Every structure is written in C-alpha cells, then in structure tokens.
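# Descriptive structure summary
Letter by letter, the chains look like this.
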Amino acid sequence: MDMAQKEIIRDDSLCAREVIEQHPKEQRYTLAILQDIQRKYKYIPREALETLAEYLDLPVSKLYGMATFYKALSLTPKGEHIIKVCDGTACHVAGSMVVLNELEKMLGIKAGETTEDLKFSISTVNCIGACALAPVMMIDETYYGNLTPKMVQEILEEYMGKKNE
Amino acid sequence: MSKMKTIYICCGTGCIAKNSKIVLAEFNKKLEELGVSANVEGKEEEKATGKMKPTGCNGICEKGPVVKIEPDGITYFKVKAEDVEEIITKTIINGEVIDKLLYFEPSIKKRVRHFKDSEFLKRQHKVALRHIGEVDPTSIEDYIELGGFEALKKAVLQMKPAEVLKEVTDSGLRGRGGAGFPTGRKWNTAASIDTDVKYVVCNGDEGDPGAFMDRSIMESDPYSVVEGMTIGAYTIGGTQGFAYIRDEYGLAIENMQGAINTARERGLLGKNILGTGFSFDIEIVRGGGAFVCGESTALLSSIEGKVGEPRAKYIHTTEVGLWGQPTALNNVETWANIPIIVTKGGSWYGSLGTMEKSKGTKAFSLVGKVKNTGLVEVPMGTTLREIIFDIGGGVLNNRPFKAVQIGGPSGGCLPEDHLDIPVDYESLVKADSMMGSGGMIVMDDRTCIVDVTRYYLNFLAEESCGKCVPCREGVKRMLEIVTDICEGNGREGDIEELLEISTMVRQAALCGLGKSAPNPVIASIRYFRDEFEEHIKNKRCRAGVCKPLTTFIINDEKCKGCSLCKKNCPVNCITGEIKKPHEIDIDKCVRCGNCINMCKFDAVKVK
C-alpha cells in the first residue's frame, strides 16, 4: 500500500473512535482494543493506530510493535473470505501442506496474502483443535475436514461460484 | 424404564466441526414434531424445545458427534442428522438400541452399549477431566450437583490458608503446563510475601499445536477452573485474578466468562465470598496469538498491555510478577485439579501416579495417525504403548508405527523401542523429550521425521520473539540447514552442525522457549539419524513427503487396477485401464501423495 498517498487522504471513518472509547484509558487494555479494532475492520488501519496512540498517550511505534508482534493482528486488509489452513502437528503429518499448495495454486497467492480483488485471504494457523478431522481448514466459520486436493478444488470452486453470482 | 430421557450431545469443538450443532437442531425439530417430551439439553425439567446448550468434549473426537441417552445408558457415535428420527422412534420411544451407531470395541470385536464399557474409557482415570461431558458447562446447578464448590466452602470456611497449602504441597501436584514446577512450592513463595496486592493468573494460552486439553476444560468445565483459582487466591492472599485465554478459543472464552459471572452472582466470587470477608475476582484477558506468551513472564507482560517478550527469571514471578507484585501463575489443568485435591485431600491425589516425583494424573490430546483421536487422562507412569495402542486403538489403517511426538515444539519424537517408557516428567526428559502441556502426536511410516523437524523449527523460528540472539539466530540457522536437507541440498557435516548449534542455543537462550527449542532436533537425530543421512546422502525421502526427494511408482504385481488413485489424482497423471496395473506419469506428478494414501493394496511405493 502506498503510505504517502494514504496520509493525504486520511479516512476518518477508519479511526475506530467508538471502538476505542469503550475501553478505559489504561495501557493494560491495549491488546484488547487492538483486537476489537481488528474484529471490526478485519485489519488495523493506520488511522485507528494513531487515534489509539493519542487516546492512551503512547507512541505510535509502541502500538506498531504490538500490531506486528501478535499474530491475531494485521496491518493490511484481509479478504472477504478468510481461509485458515490448520498446520498443527496432527494436520501437518496428515498432509496440510498438500491442502495449502492446492489453495495457493488455485488462488495464485501465498499463505499470508490476499487476492487482489479482496475476496480471499489464506493463512496458516497453528492448531484449531479439530485434530480428529485432519487435515482441516476453515473458511470463515465453517470447518472442512479430512481434505484431499480434489475436495479442496470442489470447495473453493463453490466459493468462487458465489463470487460470480 | 423412566419415561423422561435426557439426550446429551457433545458440542466440543471437534464435534461441532463434525456438525453436532446441526444434529442438535434436528433433534429439537424432530422432538417437537413428534411431540416427545425428552429433552436435548441436559435438564429434565426443561421442554424438548429448549435452546442450545452444548455439553463439553467427550474425549473421543474421532467418533463424533457423540450422543448419550440417559438413564438408558446408551452411547451413539458418528450421529448424522439423518439418524435423528430413527433414534427418537426406536430408542427414545421404545427403548430399542440401534446397533449400527454403537461403539465397536476392537478388543472383543463387539459393539458396546455404553461407552463406559470401552477400552478407551476403562483404562483412563479422570481427575482433571472429571466433569467433562457429564455437565452442561453453562449450568452452575449441574456443577454443584456433582460436588462443585464444596472444596471452596471447605477451604474458606473450615481451613486456614496454610492448611490448604499443605494439602496442595502433599498432593505432589506439579505444573501441568509442561515444566512441572511443584505447585505447592510456587504458592508457598507467593504466600510468604507480606503485601496487600497479589495476583492469581490462569495460563489458558495453549499454544502447542496438536494440544487441546486446556481448551476442552475451559469449554466444558469452566467452574472447576474458577473454583481452583479462587482457592488459590485464598491460599496465597490473592486479590485479583486473570485468565489469559487464546483469542482463537471463542467458546472457551464465552463459557469461562459465563462461569465467572454466575459465580459472582451466587456470592462464590467477587466481594465477601461466602460471607467470609474474603474478596477475589477474575478478569479474562484475550491472548494475541503469540506462542511465546505461554511463557510465564511473557504472558504477564502481555496482560500488562505490552509486547509479550519474556525476561530472564533471576527473580521468579511468584515474587515479582504482574505489575511487580507476587503472582501465582498456573496452567488451566493445574487449576482444575485444585478443587478435587482440597475435597479429597493431598494424600489421595499423591496416591495416584508414580511413587517418585510424578504424582496424580495427566491429560493428553492423542492425535495424528491414531485410531481413537481424542482427549485422554491417565495416571502418571502409564506407558506410551498403553496410551497409544490400548486406549488409542493403534495406528490408523494399521500402518506401521514410526514415532510419537510429545511435548509440543519443545519435545521430541520417540521411536518404537521407547514405547514402554512410563510417561512421567523424569523419564521423558531422560529420553530427550518432555512432558509439555500434553500433546501426543502419533506418526506412521508416511511421516518424514526430517520434515517434522523442519516443521517444528519453522514454528519456533516464527514464534521466537527475537529478544535474545541465540534463539533468534540459532533457530533460524537450524531451520535453514534442515530446509536444505528436505529440498535435496543437504551436505555432509550438516548433522554435526545442527548438533553444535543445538548445544549453544540450549545453553545460551534467555527463556524456556529458546532453551528447549533444540529439543526436536536433538531427539530426531538421536533416534532417526539414518533417515537424516538417507536424505543427505541418498537424496531419498522414504516417507514420500519431501517432494524433491520423492518419486512415486506403482508396483505392477500389487496393483489390482481399482483406479481409486486415478479418480483422486488432482493432476490426472495416473493412467491405466480398470483391472489392469496403473502407471504414474512422473513428469506430471506433483507428489501430493494422495495415491499412496488412497491405495488399499499397498501398491503405491516411494522409489
């Protein structure tokens, strides 16, 4: 993203004031506030980070450090459908990389990236605790288990079909 | 036979993923349609049309969704929405058993009516998981009915803090999060410091991939954790508690919050608990998805609203912890053990487990290539063989057993000749593995040990907080070497270099994560050196996992031409007519290994 350009068109709708002000002005709520912002926008907009810095009287650099340290937080926008490929040990030995490769091939992006049309994001997660279904992935809130490359193709095609409707 | 029947439906995450909520909705719908007044939620006085109230994980996620019908004592497995009508008309109305939905017990080759009669449960001893699957986690009445809060009453009304401390010390309970520090000693330090503000913290940041014991406890029996923490606070003089829970564990957070709120309403938490003047409250903090936050000092830093970096522990957190105050930090499973220790006494708990230093029981999540994937709890000292083969039912599809990984990213893979070692803190460390939080991952011949080593190093490299150089750089270098080996670029001397870096990181890293980071490398090389050498010298991955080192071929003599592999090949590179040996086009093959997994005749091989 072009940050220089972004600064000029500062978008006030992204400053997340209403989310931030629900919490007391104490440093110990920093992570909770960032998580709420993440939940609302599916990422942490620069504007929100600046607003929060002002609110808590902390340097933006500190918050930037938090936003990049914690995996649950992201500084770049995520897609409409978030695909989480479980790469816990049980899934890994059951072939989660095969699942990931298939998704990456179909969407033309790597894990951690988002498609250009902002429809899909792929990420790997460490364990979603559905080891009995390994290898498993989640698309938004739905679990898909015991996956084979063929199944991945079919499932994704269904979501892509929805997109074209 | 009682006319009123209670239908328990497992709605742990494993079963939800297998559509148990759809089954539950179907039950509600069908019961209403048919006008049957059983109830699907767990409470007899409620109508069948009650709202969703899941029971927690029954432990055998592999066979989910699990449906228990009481008082008939019938347990059904893999229940689908289509089965619901039959269950209602046959079992609920007429008391008939539907044979095909019962658990098949392999040891006697028969189906058993009640799950309690299976080897899976008979060999277990549930202490920390005592209520799981038996109570509705959102109901305080269910918990109280099974003796809940008796321990808290006993502690605050009849015992002095020092007496509670003595029971916990006598029990020999050690931290169930992995390191195994004696809980009594930890509490003693915190209790002995004279200050107004002390904290009690529950570590629910279960980060080990393949481990979900803590999540299941918080989801399915949150009151035990709340009660345990309150007793802990009474013992050390704690004023405020925090439960740090992974943000990914939505249901666990919801149920824990519900339990905290209800306990507070009932005067079991908050100001003036049970009218004794003792006050203590618990707040939930959601984790941010950083593995290192499972480390105590990093976790406390995260609660304070900072980046979760650990610090050197010259001074323990029990003395200088959260905001510089004495803090008793224990893991979820440890807290869940506290109420029953207070009720039954420290010597009772101490009588379980090994006679030496590992007392009590330990919960494990048994996953990977094992038949009965799920949650198990056994007395310390049970052998790996008993857990994997007797409780777990052996390796999936009866493939050869290769290794079992214990202790998460800080543990190690143990080979078959180590299956008879007892599972306790000391024996595992001696074998270059560790207890860890309780993930137990079974691996078969289709698992490449070098790849698994790379997997753990990659995990640790990503999760290393970057504060100290040995961990940040050492783990990264090891990852580079092992990645090279997996990609066919391994060189002579790589193994020695890995061991050298391992020794350095083990000695020089700052925190527990770094110090134990080389464990997977050391254990893998110790037990599976030949596999590393095969990768380096022969450029062959015998498991068929490392793609550049793998070529799949079909054995003409064994192939029956069923064409199952052909149908399931994602790149259509398998050719051949029905009932004639098939062939793989090696140039088109993407080495996904789907064919080898599919083949029922063991005809696909790694060249």
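Values in this document were obtained by computation on a predicted structure and should not be read as measured data.

### Describing the overall build of chain B
Each helix and strand counted, chain B has 23 helices and 18 strands in total. The C-alpha radius of gyration of chain B comes to 26 Å, within 12% of the 25 Å expected for a compact globule of 607 residues. Here chain B holds 607 residues, and the buried ones make up 57% of them. Put simply, 70% of the contacts in chain B that link residues at least 6 apart link residues at least 24 apart.

### A look at the overall build of chain A
A count of helical and extended segments in chain A gives 8 helices and 4 strands. From first element to last, N terminus to C terminus, chain A shows the α and β order α-α-α-α-α-β-α-α-β-β-β-α. Seen through its C-alpha atoms, chain A measures out along the principal axes to roughly 50 × 35 × 25 Å. A buried classification covers 41% of the 165 residues belonging to chain A. Put simply, 62% of the contacts in chain A that link residues at least 6 apart link residues at least 24 apart.

### Things to note about the pairing of strand S9 (residues 327-331) of chain B
Residues and elements named next belong to chain B. With 5 of 5 residues buried, S9 is to be regarded as a mostly interior element. Of the two faces of S9, the one carrying Thr327, Leu329 and Asn331 and the one carrying Ala328 and Asn330 are both buried. The sheet contact formed by strand S6 (residues 199-204) and S9 spans 5 bridges and is parallel. Counted as the bridge partner of Cys202 is Asn330 from S9.

### A short note on the pairing of strand S8 (residues 281-286) of chain B
All names here are of chain B. Pairing between strand S7 (residues 240-245) and S8: 6 bridges, direction parallel. Looking at S8, one finds that Phe242 is bridged to Glu283. Following the chain from S7 across helix H11 (residues 250-265) to the adjacent parallel S8, one finds a crossover that is right-handed.

### What to know about the environment of Thr138(B)
For Thr138(B), the location among the structural elements is in the loop between helix H4 (119-122) and helix H5 (140-145). The spacing of Thr138(B) and Gly56(B) is 82 residues in sequence and 9.9 Å in space, taken between C-alpha atoms.

### Some thoughts on the sheet that holds S8(B)
All names here are of chain B. With parallel pairing, the 4 strands of this open sheet are ordered in space as S8-S7-S6-S9. Each edge of the open sheet is held by one strand with a lone partner, namely S8 and S9. Neighbour to neighbour, the strand axes of the sheet diverge by 20° on average, direction disregarded. Relative to the sheet, helix H12 (residues 296-303) contacts S6, S7, S8 and S9, its axis offset from that of S7 by approximately 105°.

### Observations concerning the interface of chain A and chain B
Across the boundary between the two partners, chain A contributes 36 residues, which contact 43 residues of chain B. Looking at the side of chain A that touches chain B residue by residue, the classes come out as 19 nonpolar, 13 polar and 4 charged.

### Observations regarding the domain arrangement of chain B
Parsing chain B into structural domains produces domain 1 (6-118), domain 2 (140-350), domain 3 (361-444), domain 4 (449-538) and domain 5 (551-606). Centre-to-centre, using C-alpha coordinates, domain 1 of chain B lies 46 Å away from domain 4 of chain B.

### Focus: the domain arrangement of chain A
As far as domains go, chain A holds domain 1 (3-69) and domain 2 (81-164). Distance between the C-alpha centres of domain 1 of chain A and domain 2 of chain A: 29 Å.

### Let's talk about unusual backbone geometry
Excluding glycine, most residues fall at negative phi; most peptide bonds, likewise, are trans. Between Ala134(A) and the following residue, Pro135(A), the backbone shows a cis peptide bond with an omega angle of -10°. Tracing the backbone through its elements, the reader meets Pro135(A) in the loop between strand S2 (120-125) and strand S3 (137-139). In the segment running from Gly64(B) into Pro65(B), the intervening peptide bond is cis, with an omega of -5°. On the secondary structure map, Pro65(B) appears in the loop between helix H2 (20-34) and strand S2 (67-70).

### Considerations on helix H7 (residues 96-107) of chain A
Residues and elements named next belong to chain A. With 12 residues, H7 extends 17 Å from end C-alpha to end C-alpha; this agrees with the ideal 16 Å at 1.5 Å per step. For H7, the complete set of buried residues consists of Ser96, Val98, Val99, Leu100, Asn101, Glu102 and Leu103. Of the residues one or two after H7, Gly108 is the one with positive phi, at around 70°.

### Details of the nonpolar core
Of all hydrophobic cores here, the largest spans 216 residues; its most connected members are Val136(A), Val225(B), Ile387(B) and Val404(B). In contact with Ile387(B), not counting residues within four places along its chain, are Phe364(B), Leu366(B), Val376(B), Val378(B), Thr382(B), Gly392(B), Val423(B) and Met440(B). With 12 residues, the next largest nonpolar core counts Cys559(B), Cys569(B), Cys599(B) and Val604(B) among its residues.

### Overview of the packing of helix H6 (residues 150-158) of chain B against helix H13 (residues 332-344) of chain B
Residue and element names in this part refer to chain B. Orientation of H6 relative to H13, taken along the N-to-C sense of each, is 60°, at an axis distance of 8 Å. The two elements H6 and H13 meet at a crossing, and its hand is left-handed. Together, Glu150, Ala151, Lys154 and Ala155 of H6 and Pro339, Val342 and Thr343 of H13 make up the contact between the two elements. Tallied by class, the residues present in the contact of H6 with H13 amount to 4 nonpolar, 1 polar and 2 charged.

### Examining helix H8 (residues 183-192) of chain B
Residues and elements named next belong to chain B. Residues of H8 that are buried include every one of Thr183, Lys186, Trp187, Ala190 and Ala191, and no others. Projected onto a plane normal to the axis of H8, the buried residues spread over an arc of 130° and lie on a single side. Buried residues along H8 sit in contact with helix H7 (161-171), helix H10 (222-236), S9 and H13.

### Quick notes on the packing of H10(B) against H11(B)
Residue and element names in this part refer to chain B. Running from N to C, H10 and H11 point in directions that differ by 55°, and their axes come no closer than 9 Å. As judged from the angle between their axes, H10 and H11 are oblique. For H10 against H11, the interelement crossing comes out right-handed. Across from Pro222, Tyr223, Val225 and Val226 in H10, the residues of H11 making contact are Asn255, Met256, Ala259, Ile260 and Ala263.

### A short note on the sheet that holds strand S3 (residues 74-76) of chain B
All names here are of chain B. If you trace the 3 strands from one edge of the open sheet to the other, you get S1-S2-S3, paired in antiparallel fashion. Looking at strand neighbours, the two that pair on one side only are strand S1 (6-9) and S3, the edges of this open sheet. This sheet shows a mean twist of 20° between the axes of neighbouring strands, independent of strand direction.

### What about the environment of Gly270(B)?
Residues and elements named next belong to chain B. Mapped onto the fold, Gly270 is located in the loop between H11 and S8. Overall, Gly270 belongs to the partly exposed group, with 17 C-beta atoms counted inside 10 Å. Taking the C-alpha atoms as reference points, Gly270 and Glu462, 192 residues apart in sequence, are found 40 Å from one another. Setting aside its immediate chain neighbours within four residues, Gly270 contacts Arg264, Ser279 and Asp281.

Calculation criteria
- Residues numbered from 1 in each chain as written.
- Chains lettered and ligands numbered in written order.
- Predicted model: local features only at pLDDT ≥ 70, side-chain atom pairs only at ≥ 80, totals over all residues.
- Helix = DSSP H or I, 4+ residues; strand = E, 2+ residues; numbered from the N terminus.
- Rg over C-alpha atoms; globule rule 2.2 N^0.38 Å.
- Buried ≥ 20, exposed ≤ 12 C-beta atoms within 10 Å, placed from the backbone.
- Contact = placed C-beta atoms within 7 Å.
- Pairing = 2+ DSSP bridges.
- Right-handed = clockwise from strand over helix to strand, strands pointing away.
- Axes fitted to C-alpha atoms, helices over the stretch in contact; angles between N-to-C directions.
- Nonpolar A, V, L, I, M, F, W, Y, C, P; charged D, E, K, R; others polar.
- Domains from an automatic or database assignment.
- Expected span 1.5 Å × (residues − 1).
- Core = buried A, V, L, I, M, F, W, Y, C linked by C-beta atoms within 7 Å.
- Left-handed = near helix turned anticlockwise from the far one by under 90°.
- Arc of directions from axis to C-beta.
- Parallel < 35°, antiparallel > 145°, perpendicular 65-115°, else oblique.

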